[in-house]
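Secondary and tertiary structure notes
One-letter residues, chain by chain:
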Amino acid sequence: LQVVLDRVFRPTFARIEAELLIKDLERIEAAVHREAEQLGVTAEDYASWEDMRTLVAQDSGAELPRALNRNILKTLGLDAIFVFDAVGHVKQSLRDPSTTSDSTREFTPTGFADQFPVIASVRTQSAGDSASSARRGLVRFANGRLVFAAAAPSLPPGGNGRALGTVVMLRELDAAMAKRLGDQVRLPLQFTAADPSGPANAAKDAQTHVENGHVEAVAWLRDPFGKPIARYSVERTASILGKGEDTLTVGAIGSLFMLSLVLAVLLLLLQISVVR
């Protein structure tokens, strides 16, 4: 009986626990992807804005659109907006002073273009190229800061010809952002910027560990180019395994009781039918 419990039932409960944990990791990964997609849609909307086209097409001394001010950062929940013209010159740079610093080179238009030239180079693509659509994803700056970034080209009216410029939107994945994502998936989240020292498994390939009544798994997030840049984990009490083992314990005790009862009856029958 003990061999059956150890070889069949306990591994089944552990497998169910692991599968549920993998699904939690996949929900977190999907929430991060959804956040990047939504930021990309917002960047595309503003890049197609007529006032934005006017801004990137005019000289540097042109008057800024009235709606393009720091209040837009709070409205959209952004940390920065960078606007480049067709040759990569900065037309406008808005940064939230409460979350960014002038001394932080990475959080500047030049710093962003230097570290992520492929994302910024969307401005050089033609409208007929698939690369001319918004590029978005989670990126990691040199100082370890994790940021959702989306870059969308501002195309001429009708969408024909090369881009007039690029609109870049940044939203930092800080503690408040992690809490908001955690509320969406109903899990406590913490993301750590790091480089993998071993396998950097995505959520669906994560390795689960069940030990001492706890189950844990670690997965990695990747930037738009497939490079692992941050890890996250889920750890919780192995409740299904615990309840399953309690049930197995009750079943084992009940089975032993029934076996003892059957043996007692057999001994009684043996006594009556043979010995007497």
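In case you missed it, the structure is sitting above this.
Since the structure is predicted, the reported quantities are computational estimates derived from the model, not experimental observations. Here the residue numbering is sequential within each chain, running from 1 through the sequence in written order. For this predicted model, a pLDDT threshold of at least 70 governs which residues receive local features, and a threshold of 80 or more governs which side-chain atom pairs are given and counted, while totals over whole chains, interfaces and linings are taken from all residues. To get the side-chain values, take all heavy atoms of the structure and skip hydrogens and water.

Examining the packing of aromatic side chains
For Phe, Tyr and Trp, rings pair up if their centres lie within 6.5 Å, where Trp contributes its six-membered ring, and each pair is then called stacked (planes under 30 degrees apart), edge-to-face (over 60) or tilted (otherwise). Counted under the stated rule, the structure contains six aromatic pairs. With centroids separated by 5.4 Å and ring planes inclined at 50°, the aromatic side chains of phenylalanine 112 and phenylalanine 116 adopt a geometry described as tilted. Three exposure classes are used, based on accessible area relative to the maximum for each residue type with a 1.4 Å probe and protein chains only: buried under 20%, partly exposed in between, and exposed over 50%. Overall, phenylalanine 112 belongs to the buried group, its relative accessible area being 0%. For phenylalanine 116, a relative accessible area of 8% gives the class buried. Ring centres of phenylalanine 191 and tyrosine 232 lie 5.9 Å apart, and the angle between their planes is 55°; this geometry places the pair in the tilted category. Within this pair, whereas phenylalanine 191 is found in the loop between helix H6 (175-185) and strand E6 (192-193), its partner tyrosine 232 is found in strand E9 (residues 228-237), the two being separated by 41 residues in sequence. On the basis of relative accessible area, phenylalanine 191 is assigned to the buried category, the value being 14%. A run of DSSP states H or I qualifies as a helix once it reaches four residues; a run of E qualifies as a strand once it reaches two. Both are numbered from the N-terminal end.

Some points on the pattern of salt bridges
Each reported salt bridge corresponds to a side-chain nitrogen of Lys or Arg within 4 Å of a carboxyl oxygen of Asp or Glu. Applying the stated criterion across every chain, the model contains ten salt bridges. A salt bridge links arginine 180 to glutamate 35; its shortest N-O distance comes to 2.9 Å. Of this pair, arginine 180 sits in helix H6 while glutamate 35 is found in helix H1 (residues 2-47), placing the two residues 145 residues apart along the sequence. A residue is classified by how much of its surface remains accessible, and arginine 180, at 37% relative accessible area, is partly exposed. A salt bridge links glutamate 37 to arginine 136; the nearest nitrogen and oxygen atoms lie 2.7 Å apart. Remark: arginine 136 occurs in strand E3 (residues 135-140) and glutamate 37 occurs in helix H1; sequence separation between them is 99 residues.

Quick look at the pairing of strand E5 (residues 165-172)
Among the eight residues in E5, eight count as buried, and that is most of the element. Side-chain alternation along E5 places Gly165, Val167, Met169 and Arg171 on one buried face and Thr166, Val168, Leu170 and Glu172 on a second face that is also buried. Pairing of strand E1 (residues 80-85) with E5 involves six bridges; the strand directions are antiparallel. Bridge pairing in E5 places valine 83 opposite valine 167. Here, a strand pair is defined by DSSP locating no fewer than two bridges between the strands. Two strands pair when backbone bridges link them, and strand E4 (residues 146-154) and E5 are joined in this way by eight bridges, in the antiparallel orientation. Each bridged residue has a counterpart across the sheet, and for phenylalanine 148 the counterpart in E5 is arginine 171.

Brief notes about the sheet that holds strand E7 (residues 208-211)
Strands in a sheet are paired, the pairing made by backbone hydrogen bonds, and the direction either parallel or antiparallel. Pairing is antiparallel across the open sheet formed by four strands, whose spatial order is E6-E9-E8-E7. The open sheet has two free edges, formed respectively by E6 and E7, since each of these has just one partner strand. Bridge analysis of strand E8 (residues 214-222) against E9 gives nine bridges, and the strand direction is antiparallel. Looking at the pairing, tryptophan 220 lines up with arginine 231 of E9.

Some points on the nonpolar core
With 46 residues, the main nonpolar core has Leu25, Ile81, Phe148, Leu181 and Phe191 as its most contacted residues. Of all the elements, H1 adds the most residues to this core, at ten residues. Residue contacts follow a heavy-atom distance rule, with two residues in contact if any of their heavy atoms lie within 4.5 Å. Other than its neighbours up to four places away in sequence, leucine 181 contacts Ala31, Val32, Glu35, Phe148, Leu173, Leu189 and Phe191. Ranked by size, the runner-up nonpolar core spans 15 residues in total, among them Ala80, Phe141, Ala149 and Val168. Throughout, nonpolar core names a set of buried Ala, Val, Leu, Ile, Met, Phe, Trp, Tyr and Cys residues whose side chains join them through atoms within 4.5 Å.

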